[in-house]
Amino acid sequence: MPIVPVILCGGSGTRLWPLSRKSHPKQFTHLIGDVTLFQAAALRLSGPDFAAPLIATSAEFRFVVQDQLAEAGIAPDAILIEPDARNTAAPVLAAALHLAARDPDAVMLVSPSDHVVEDAERFAAAIRAGLEAVAEGRIVTFGIAPDRAETGYGWLELPSPPGDAALPLTRFVEKPDRATARAMLEEGRFLWNAGIFLARAADLLEAYRRHAPALVPPVAEALEGGSADLGFFRLAPGQWAQAEAISIDYAVMEKAANLSVVPFRGGWSDLGGWDAVWRAGQADAAGVVTFGPATAIDSRDTLLRSEHEGQRIVGIGLEGMIAVAMPDAVLIAPMDRAQDVRLAVSALKAEGAPQAETLPRDHRPWGWFECLGKGPRFQVKRIVVHPGASLSLQSHFHRAEHWIVVEGTARVTVDGEVRLVTENQSIYVPLGATHRMENPGRLPMVLIEVQTGAYLGEDDIVRHEDVYARGPGAKG
């Protein structure tokens, strides 16, 4: 029976600011490699051993999930939409209930969407090694063979040094101090907790009923009261809000007595900070990792990263430093303060700075846009529309717009009149006019939009028709 991957992708990844932000967190970014972390997870959990994946995410990211799965050539079994973030216990329970309704013996693999696994074949072998324990009614978790005294991870204690087979779990160990981590590393009976679980749906549900019974009714009711929506399944918000926001580790796993651990030695990282990105990168002889237009001079053990092709970052005489440049924000910090990057997000939020949570590039179901320039009564944007995609039929109370097509062809509707606008042509949309933009071609369509008016906020949108069934406001 194929294993059903359950991929969780609702986190915000504040420790990888400024690249990862609430509006577009790290799992959807090209942090390492040619695909996003979410796509890498989905591809890793595909093939003959696996069924179509079940995804749990938020409404804000539903179209990003759908688009990135399509780019990777993967069709999901279901995409569950969480009305609000409740940590990991509730969405895993919803997935188990969803699968058990069809087949209580369905085997599910619960995985985060933002981890790096270097050896996918070895990881698949570790999963197969856990199936024997699953057949005996046990819940399997995967422990990473440690290569350092890491204080940023939880650890798993085993009764004896691990081999390749599953061993019963002795206990979970919370994130240790440095001395404790060194002692566990030297003893050899401890592994890092990867937060990946393998179990039959029925066995996982039994663990919830025994150890977290208060979670079951609201999550079950949210599933029963949910509704299908454009290829997604929305959990009922009222019932969902009654579920406790708690991790699956705290709610279930640390209380369960039937846990086994399969060791994994194929290279893993949760990319929980820029220091982890540096370790996962391709370093030169001096330990310098660069990404994008970045130049290091007389530097050691340093990460230099630029996220914009027109923005070059240069480091001179750096040692043990992180420098990440984006068009609207730059992070500079010592490597040993990588875990404190989240403090920058808190400080910026307190100051009301949009850089705390919002990227310059705003992703929408039809494509994306970014601001190129802004003044008191004008804004200039670059807008990219996917082939075959369409913006909503909309109007604005406070702004007029001028569109200039620079790549491709746009089908434009203004107050009921439809016309094609090709490269180097433009069209004016008066204030209050009902309008829509579509890309009828097979390649992305790019245009420059000039907005003028007293108010230019993204919430000045009245949607009259929308193929994506969004509500009023910025994103709906």
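To start, this report covers the structure provided alongside it. Just so we're clear, the structure is a prediction, and the values are computed from it rather than from any experiment. (Residues numbered from 1 in each chain as written. Predicted model: local features only at pLDDT ≥ 70, side-chain atom pairs only at ≥ 80, totals over all residues. Heavy atoms only, no water.)

## Here we look at the nonpolar core
Here is the rule: Here, nonpolar core refers to any group of buried Ala, Val, Leu, Ile, Met, Phe, Trp, Tyr and Cys residues whose side-chain atoms link them within 4.5 Å. Three exposure classes are used, based on accessible area relative to the maximum for each residue type with a 1.4 Å probe and protein chains only: buried under 20%, partly exposed in between, and exposed over 50%. We call two residues contacting when some pair of their heavy atoms lies within 4.5 Å.
Grouped together as the largest cluster of nonpolar side chains are 62 residues, with contacts concentrated most on Leu 109, Ile 127, Phe 142 and Leu 198. Excluding residues within four positions of it along the chain, Phe 142 makes contact with Leu 109, Ala 126, Ile 127, Leu 156, Trp 192, Asn 193, Ala 194, Ile 196, Leu 198 and Val 262. The next biggest cluster of nonpolar side chains, apart from the first, holds 52 residues, and it includes Val 4, Leu 80, Ala 95 and Ala 256.

## Examining the packing of helix α3 (residues 89-100) against helix α7 (residues 216-224)
Quick note on the threshold: Orientation is described by lines fitted to C-alpha atoms, with helices fitted over the stretch in contact, and by angles between N-to-C directions that extend from 0 to 180 degrees. Secondary structure elements follow DSSP: runs of H or I no shorter than four residues count as helices, runs of E no shorter than two count as strands, and numbering proceeds from the N terminus. What sets the label is the angle itself: under 35 degrees gives roughly parallel, over 145 gives roughly antiparallel, 65 to 115 gives roughly perpendicular, and the rest give oblique. In this scheme, a crossing is called left-handed if the near helix is turned counterclockwise away from the far one by less than a right angle; it is called right-handed if the turn is clockwise. Under the convention adopted here, Pro, Cys and the residues Ala, Val, Leu, Ile, Met, Phe, Trp and Tyr are nonpolar, Asp, Glu, Lys and Arg are charged, and Gly plus all remaining residues are polar.
In the contact formed by α3 and α7, the axes pass within 9 Å of each other and the chain directions differ by 60°. With respect to α7, the axis of α3 lies oblique. Relative to α7, α3 is oriented so that their crossing is right-handed. Mapping the contact onto sequence places Ala 90, Leu 93, Ala 94, Leu 97 and His 98 in α3 and Val 216, Val 219, Ala 220 and Leu 223 in α7. Tallied by class, residues from the contact of α3 with α7 come to eight nonpolar, one polar and no charged.

## Things to note about helix α1 (residues 37-44)
Taking burial as the measure, the eight residues of α1 include six buried ones, the bulk of the element. Of the positions making up α1, those classed as buried are Leu 37, Phe 38, Gln 39, Ala 41, Ala 42 and Arg 44. Turning to α1, the residues buried within the fold contact β1 (4-8), β2 (54-58), α2 (62-72), β4 (107-112), β5 (116-117) and α4 (120-135).

## Let's talk about the packing of α3 against helix α6 (residues 201-211)
The interhelical angle for the contact between α3 and α6, taken along N-to-C directions, is 135°, at an axis separation of 9 Å. Classed by the angle they form, the pair α3 and α6 counts as oblique. When you trace α3 past α6, the crossing you get is left-handed. Of α6, the residues touching α3 (which contributes Ala 89, Val 92, Leu 93, Ala 96, Leu 97, Leu 99 and Ala 100) are Ala 201, Leu 204, Leu 205 and Tyr 208. Its residues assigned to classes, the contact of α3 with α6 shows 11 nonpolar, no polar and no charged.

## Observations concerning the side chain of His 24
Counted only if it meets this: Polar contacts here mean pairs of N or O atoms no more than 3.5 Å apart (in protein, one a potential hydrogen donor and the other a potential acceptor; neighbouring residues in sequence count only if both atoms are side-chain atoms).
With respect to the element layout, His 24 can be found in the loop between β1 and α1. A distance of 3.4 Å separates a polar atom in the side chain of His 24 from the backbone oxygen of Phe 28.

## Looking at the sheet that holds strand β23 (residues 378-385)
Stated formally: In this scheme, strands are said to pair when DSSP sees at least two bridges between them.
Spatially, β21-β22-β23-β30-β25-β28 is the arrangement adopted by the six strands of the open sheet, whose pairing is antiparallel. Edge strands, defined here as strands with exactly one partner in the open sheet, are β21 (361-364) and β28 (426-429). Going across the sheet, the axis of each strand differs from the next one's by a mean of 20°, ignoring polarity. Relative to strand β30 (residues 445-453), β23 is paired through eight bridges, and the arrangement is antiparallel.

## Thoughts on the packing of aromatic side chains
Short version of the rule: Stacked, edge-to-face and tilted are the three classes for Phe, Tyr and Trp ring pairs, Trp counted by its six-membered ring, which pair at centre distances within 6.5 Å; planes under 30 degrees apart are stacked, over 60 edge-to-face, the rest tilted.
Tallied over the full model, the rule gives 10 aromatic pairs. Measuring from centroid to centroid gives 5.4 Å for Phe 63 and Phe 232, while their planes differ by 90°, and the two rings are edge-to-face. A residue pair is termed long-range when its members are at least 10 positions apart, and Phe 63 in helix α2 and Phe 232 in strand β12 (residues 232-234) qualify at 169 residues. Since its relative accessible area comes to 8%, Phe 63 is described here as buried. By relative accessible area, which is 3% here, Phe 232 ends up buried. A centroid spacing of 6.1 Å and a plane angle of 50° characterise the contact between Phe 123 and Phe 142, whose relative ring orientation is tilted. You can see Phe 123 sitting in helix α4 and its partner Phe 142 sitting in strand β6 (residues 139-144), a full 19 residues away along the chain. Using a relative accessible area of 4% as the deciding quantity, one classes Phe 123 as buried. Three or more aromatic residues joined by ring pairs form one cluster here, namely Tyr 153, Trp 155, Trp 192 and Trp 268.

## Digging into the environment of Glu 319
Tracing the sequence through the fold places Glu 319 in the loop between β18 (313-316) and β19 (321-326). Aside from chain neighbours lying at most four places away, what touches Glu 319 is Arg 300, Asp 301 and Thr 302.

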